Amino acid sequence: MGRYWSLLFLLVPVLGVGSFVWGASGAMWLPVDISEHGWQIDHLWNFILILTGLVFIVTEGALVWFLWKYDASSNPEPVKFTHGSHNLEVVWTILPAATLLFIAIYQMNAWADVKMRRPNVPATLEVMARQFEWRFRYPGPDNKFDTPDDIYAVNEFHLPVDEDVVVNLKSMDVLHDFFLPNLRVKQDAVPGMMIPVWFRAKQTGEYDLVCAELCGWGHYKMKGRLKVESRDKYNAWLENISRQQTATK
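Residues numbered from 1 in each chain as written. Predicted model: local features only at pLDDT ≥ 70, side-chain atom pairs only at ≥ 80, totals over all residues. Heavy atoms only, no water.

S.K.: Just give me the short version of the overall build of the protein, but keep the residues and values in it.
M.R.: For the protein, the count of helices and strands is five helices and 10 strands. In terms of overall size, the protein is more extended than a compact globule, its C-alpha atoms giving a radius of gyration of 26 Å where 249 residues would be expected to give roughly 18 Å. Expressed as lengths along the three principal axes of its C-alpha atoms, the size of the protein is roughly 90 × 35 × 35 Å. Put simply, the protein has 249 residues, and 33% of those count as buried. Intrachain contacts of the protein at a sequence separation of at least 6 include 65% that bridge at least 24 residues. Carbon and sulfur atoms provide 64% of the accessible area of the protein, an area that totals close to 15,900 Å². Taken as two groups, the 23 positive and 27 negative side-chain charges of the protein have centres that lie 1 Å from each other. (Helix = DSSP H or I, 4+ residues; strand = E, 2+ residues; numbered from the N terminus. Rg over C-alpha atoms; globule rule 2.2 N^0.38 Å. Buried < 20%, exposed > 50% of the residue type's maximum accessible area, 1.4 Å probe, protein only. Contact = heavy atoms within 4.5 Å. Areas by Shrake-Rupley, 256 points an atom, 1.4 Å probe, with all protein chains shown as cover. Lys, Arg positive; Asp, Glu negative; His and termini not counted. Charge placed at Lys NZ, Arg CZ, Asp CG, Glu CD.)

The following block contains the structure:
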């Protein structure tokens, strides 16, 4: 019976590793990266995945080996237990602590790029999250916010390709999460705070915007679309929205 459980537990690492290999082969993996800094995020993600994967394989392998070797049916002698190994406790405390410290230092440059080194450009737009939609506000022709020519949009916003973009992120009610998977951007929108977010898109196209924080009963439908396009098309879109707003005043 013990050998049966050994083989059953062996399926856990085999199926676990196999599913990741199958996903990484292209069947189901990360969305296409279109951002300038995305490779740093992907590199860290892959590095931590491989590191934790190796630990997972070693611990699962040890578990299966002990189950197989010390099966009760083939070991008639009583089990011997050892308690209070101070050296062992020190080792398994230091190893995880050292690993976490290494990861913290290793990712510092990526963190600084996406959270600390803001590009020296004015804010492109303001994003206001609310239950259950995304509201966008662009400065009008005067390039200033909070003036009568501000341009508004809901659940769909446009950005120019190959340009630094700074978003002033806010929340009107509860905690939301501004998540652009293709740009590797994910930032909480906190009520009462204005949080700057910056990125640069390298590829034109249409991409998803979703809320990644459970924000209420309608969380599932809080999604939008980002259209990355050339500067000319972006300007034309802004002019068109501005003209529509002026016509309805």
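Let us keep going from here.
S.K.: Give me the lowdown on the sheet that holds strand 9 (residues 205-211), citing residues and values where you can.
M.R.: Strand order in this open sheet of five strands is 4-10-9-6-7, and the pairing throughout is mixed. Two strands bound the open sheet, and with one partner strand each, they are strand 4 (156-160) and strand 7 (185-189). Neighbour-to-neighbour, the strand axes of the sheet open up by a mean angle of 25°, direction not taken into account. Of the pairings in the sheet, the one linking strand 4 to strand 10 (residues 223-229) comprises five bridges and is parallel in character. (Pairing = 2+ DSSP bridges. Axes fitted to C-alpha atoms, helices over the stretch in contact; angles between N-to-C directions.)

S.K.: Got a sec to walk through helix 4 (residues 108-115)? Specific residues and values, please.
M.R.: Residues of helix 4 that are buried include every one of Ala110, Ala112 and Val114, and no others. Of the surrounding secondary structure, the elements contacted by the buried residues of helix 4 are helix 2 (38-69) and strand 8 (195-200).

S.K.: Can you lay out the packing of aromatic side chains for me, pointing to particular residues and giving the numbers?
M.R.: Going through the model one piece at a time under the given rule, you end up with 15 aromatic pairs. When the centroid spacing of 5.6 Å and the interplanar angle of 70° are considered together, the rings of Tyr4 and Trp5 count as edge-to-face. Taking the relative accessible area as the measure of exposure, Tyr4 reaches 48% and is therefore partly exposed. Under the relative-accessibility criterion, Trp5 is labelled partly exposed at 39%. Between the aromatic rings of Trp65 and Tyr70, the centroid separation amounts to 6.3 Å while the plane-to-plane angle is 90°, which identifies the pairing as edge-to-face. Taking the relative accessible area as the measure of exposure, Trp65 reaches 47% and is therefore partly exposed. Judged by its relative accessible area of 48%, Tyr70 is partly exposed. (Phe/Tyr/Trp six-rings, centres within 6.5 Å; stacked < 30°, edge-to-face > 60°.)

S.K.: Break down unusual backbone geometry for me, citing the residues and quoting the values.
M.R.: At the junction of Gln131 and Phe132, the peptide bond is cis and its omega measures out at 0° in the coordinates. Note on placement: Phe132 falls in the loop between strand 1 (125-130) and strand 2 (133-138). Even without being a glycine, Asn143 presents a positive backbone phi close to 60°. Structurally, the position occupied by Asn143 is in the loop between strand 2 and strand 3 (151-154). Under the relative-accessibility criterion, Asn143 is labelled exposed at 65%. A positive phi angle is found at Asn155, which is not glycine, with a value near 65°. Along the polypeptide, Asn155 turns up in the loop between strand 3 and strand 4.

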